[in-house]
Structure formats: structure tokens, C-alpha cells
Amino acid sequence: SSGINAEYGGVSNYTVAYLNELMEYTTTGAPAVLQSEFHPRCHQAEVREFCSTHGVQFMGYTPLGRNDLAPKATIQLVAKKMQITPSQVLLKWALQKGVVTIPRSSNAERCAENAQSWVDGVVLSKEDMELIDAMEDGHKYCWNPDLL
């Protein structure tokens, strides 16, 4: 025995099929967290539903896309209306979906701006959430586990 006692673990980029297989063979139960791509173009609805049902925290990476989501008309419209930045709109949308996000930036000002979106009290309306939801097209910026 290695002496390591791991009560909680996490997985990344698992599909529902992979999660079901994991649940079939695991002796420790569901993972604590699943990290996967998440943004308005890739909602991962089935995976998030599985996570919700099994008490797994869904953590989304690439919430800002690849610098191509912020300029989209829908995001610009909501940002202007709410008087926040497009990045903050994207992060708020994810948070209001119950998704922990991992925005990435090497710019200290942008990091502070992103963090502000978690505490400023601004809430996107149901209508704004639905506008952003309509951007879903299944696009993945990173690799696609469905192709394995």
C-alpha cells in the first residue's frame, strides 16, 4: 500500500458515456469534480445534467472562448445594457448556470476585472441568459472527447 488515501477525485473531459462507465467500475462513488470545456457555444447540457444528478461539481474551462466570444453582437448588447465588460457577461452567464469557471489571463487588470464579476452583485436577466443560450452550436475550441 502506498499509504495514500484519496477520498475525493476529479476527472476531465469525460462524456456521459465515460462517466457511466466510471460509475460502473468505481468503488469510491462519483468524482467530486468534472472539468470540461464550457462557454456559450458549448453548453455541455447532458454532462452537466449527469453532474447535477450525481452531486459532481462541473468546472468549465475556456469560458471566454478564444477571444472571439466577447466581440459577438449578443455579448456586446448584454454588456452595454448591464454596463459591464463582455468578459464579465460571459463569466456571469456561466456562474448563473451553476458552473465554476477557469478564466485565463496573464494580464493583472483583466484578472481583477474577471474576479470582480463574481462579487459585484450584477445578475443577468432571464431574457439575457436566453439570448446567450441561443449561441449554442456545439463548437469546441479544445479537443473533442467524443472523437476518441
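Now for a description of the structure that goes with this document.

## Examining a nonpolar patch on the surface
Together, Leu-95, Trp-118 and Val-119 make up an exposed nonpolar region whose accessible area comes to about 300 Å². Locating Trp-118 in the fold gives a position in the loop between helix H5 (108-116) and helix H6 (126-133).

## Some thoughts on the packing of aromatic side chains
Under the counting rule described, the total for this entry stands at three aromatic pairs. The interplanar angle of 75° and the centroid separation of 5.8 Å between the aromatic rings of Phe-38 and Phe-58 together place this pair among those described as edge-to-face. Of the two residues, Phe-38 sits in the loop between strand E2 (33-37) and helix H2 (45-54) while Phe-58 sits in strand E3 (residues 57-61), which places them 20 residues apart along the sequence. Accessibility assignment for this pair places Phe-38 and Phe-58 in one class, buried. On the numbers, 4.9 Å between centres and 10° between planes, the contact of Phe-38 with Trp-93 is stacked. Linking Phe-38 in the loop between E2 and H2 with Trp-93 in helix H4 (residues 86-96), this pair joins segments that are 55 residues apart in sequence. For the pair formed by Phe-38 and Trp-93, the shared burial category is buried. A connected cluster of aromatic rings, assembled from ring pairs, spans Phe-38, Phe-58 and Trp-93.

## Examining helix H3 (residues 73-82)
Among all positions in H3, only Ile-75, Val-78 and Ala-79 are buried. Along H3, the residues classed as buried sweep out an arc of 100° about the axis, all on the same side. In H3, the exposed positions angled more than 90 degrees off the buried face are occupied by Ala-73, Leu-77, Lys-80 and Lys-81. Buried-residue contacts for H3 involve H4 and H6.

## Some words on the packing of helix H1 (residues 16-25) against H2
Two quantities define a packed helix pair, namely the angle between the axes and the distance from one axis to the other. The contact between H1 and H2 brings their axes to 9 Å, and the two run at 30°. With respect to H2, the axis of H1 lies roughly parallel. Of the residues in H2, those touching H1 at Val-16, Leu-19, Asn-20 and Met-23 are Glu-46, Val-47, Phe-50 and His-54.

## Focus on the pattern of salt bridges
Under the definition given, this model contains five salt bridges. For Arg-41, the salt bridge goes to Asp-68, with nearest N and O atoms at 3.9 Å. Residue Arg-41 is found in the loop between E2 and H2, and its partner Asp-68 is found in the loop between E3 and H3; the two are separated by 27 residues along the sequence. Here Arg-41 falls in the buried class, since its relative accessible area comes to 16%. Owing to a relative accessible area of 26%, Asp-68 belongs among the partly exposed residues under this scheme. Between Asp-137 and Arg-41 there is a salt bridge, with the nearest N and O atoms lying 2.8 Å from each other. Residue Asp-137 is located in the segment after H6, and its partner Arg-41 is located in the loop between E2 and H2; the two are separated by 96 residues in the primary sequence. The class of Asp-137 is partly exposed, set by a relative accessible area of 47%.

Each value, and the rule that gives it
For every chain, the first residue of the written sequence is number 1, and numbering continues from 1 onward in sequence order. Two thresholds apply to this predicted model, a pLDDT of at least 70 for residue-level local features and 80 or more for giving and counting side-chain atom pairs, whereas whole-chain, interface and lining totals are computed over all residues. Only hydrogens and water are removed before side-chain values are computed, so all heavy atoms of the structure are retained for them. By definition, no residue in a patch forms a salt bridge, and every one has over 30% relative accessible area; like charges are joined within 9 Å, nonpolar side chains (Val, Leu, Ile, Met, Phe, Trp, Tyr) within 5 Å. The protein chains shown are the only cover counted for residues, whose accessible areas, like all others here, come from Shrake-Rupley with a 1.4 Å probe. Here, a salt bridge means any side-chain nitrogen of Lys or Arg that lies within 4 Å of a carboxyl oxygen of Asp or Glu. Numbering goes from the N terminus for both helices and strands, where a helix is a DSSP run of H or I of at least four residues and a strand is a run of E of at least two. Between rings of Phe, Tyr and Trp, where Trp is taken as its six-membered ring, a pair exists when centres lie within 6.5 Å; planes separated by under 30 degrees are stacked, by over 60 edge-to-face, and by other angles tilted. Only protein chains enter the accessibility calculation, which uses a 1.4 Å probe. A residue is then buried if its area is under 20% of the maximum for its type, exposed if over 50%, and partly exposed in between. The reported arc concerns the directions from the helix axis to the C-beta atoms and nothing else. Here, two residues are considered to be in contact whenever any of their heavy atoms come within 4.5 Å of each other. For helices, the fitted line uses only the C-alpha atoms of the stretch in contact; every axis is such a line through C-alpha atoms, and the angle between N-to-C directions lies from 0 to 180 degrees. Angle categories: roughly parallel below 35 degrees, roughly antiparallel above 145, roughly perpendicular from 65 to 115, and oblique for all the rest.

It is worth stressing that arrangement in space is one thing and function is another; only the former is reported here.
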